[in-house]
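Here is how the chains run, residue by residue.
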Amino acid sequence: DQQVKQNSPSLSVQEGRISILNCDYTNSMFDYFLWYKKYPAEGPTFLISISSIKDKNEDGRFTVFLNKSAKHLSLHIVPSQPGDSAVYFCAASGNSGYSTLTFGKGTMLLVSP
Amino acid sequence: DSGVTQTPKHLITATGQRVTLRCSPRSGDLSVYWYQQSLDQGLQFLIQYYNGEERAKGNILERFSAQQFPDLHSELNLSSLELGDSALYFCASSVEGSSYGYTFGSGTRLTVV
């Protein structure tokens, strides 16, 4: 049973436009959410996170939104750049971040010039 | 270089064999996590060690085992290998047991033929 779902396997966006990656979760005990980015032949790298006490967190071009009632979070990248092309994993944790991370299957983002 | 070192990078072996994957965590990190990424699957949590002791267990098969040594490096042992065990195996480390600071290695690609 997948507790973290990324329903879009891939997303194509033009350079300069907004990229929106979505993630849904089912476990009500999750209270800390993260996004990781992964390039081919590399391990995932941390991108941005959000605690359940917030509904938005911003870091430069990256913003994560959390809708607890809908159990949904999204990652916005504005403006998108070709270097953003990668696989993006949504992850969730409980116990204020002290439980192990549960990952989604990932969304491959392709940003074309 | 993330600071987490995984060896070997690639491994090809036959069904029924046994292999050992090695992980050296980032300097100062006490927790080590093992994840498996199969085709079309997200990162599946296998097992966590904290300062030499098993802390959490995920979907790890009985044919798989792991340990963390006094110098904090960890090994994942996979035995009686099956074709379905072919996957990317990632190791991550963090300072404590929190999700805040997972740092991933670049992975070991295991191919069972």
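About the cut-offs
- Residues numbered from 1 in each chain as written.
- Chains lettered and ligands numbered in written order.
- Predicted model: local features only at pLDDT ≥ 70, side-chain atom pairs only at ≥ 80, totals over all residues.
- Heavy atoms only, no water.
- Pairing = 2+ DSSP bridges.
- Helix = DSSP H or I, 4+ residues; strand = E, 2+ residues; numbered from the N terminus.
- Axes fitted to C-alpha atoms, helices over the stretch in contact; angles between N-to-C directions.
- Disulfide = S-S within 2.5 Å.

Trainee: How should the sheet that holds strand β7 (residues 64-68) of chain B be read in this particular structure?
Mentor: Two orientations exist for strands paired in a sheet by backbone hydrogen bonds: parallel and antiparallel. Residue and element names in this part refer to chain B. Taking strand neighbours across the sheet as the criterion, the 4 strands line up as β1-β3-β8-β7 in an open arrangement whose pairing is antiparallel. The sheet is open, and its two edges are formed by β1 (5-7) and β7, each paired on a single side. Mean inter-strand twist for the sheet, computed between neighbouring axes without regard to direction, equals 15°. Relative to strand β8 (residues 74-78), strand β3 (residues 19-24) is paired through 5 bridges, and the arrangement is antiparallel. Following the sheet pairing, Val19 is matched in β8 by Leu78.

Trainee: What should I look at first to understand the state of the cysteines in this one?
Mentor: Joining two cysteines, a disulfide is a covalent bond between their sulfur atoms. All names here are of chain A. In total, this model carries 2 disulfides over all chains according to the counting rule given. Paired by a disulfide, Cys23 and Cys90 hold their sulfur atoms 2.0 Å apart. With the S-S dihedral at roughly -75°, the linkage between Cys23 and Cys90 falls on the left-handed side. Linking Cys23 in strand β3 (residues 19-25) with Cys90 in strand β9 (residues 86-94), this pair joins segments that are 67 residues apart in sequence.

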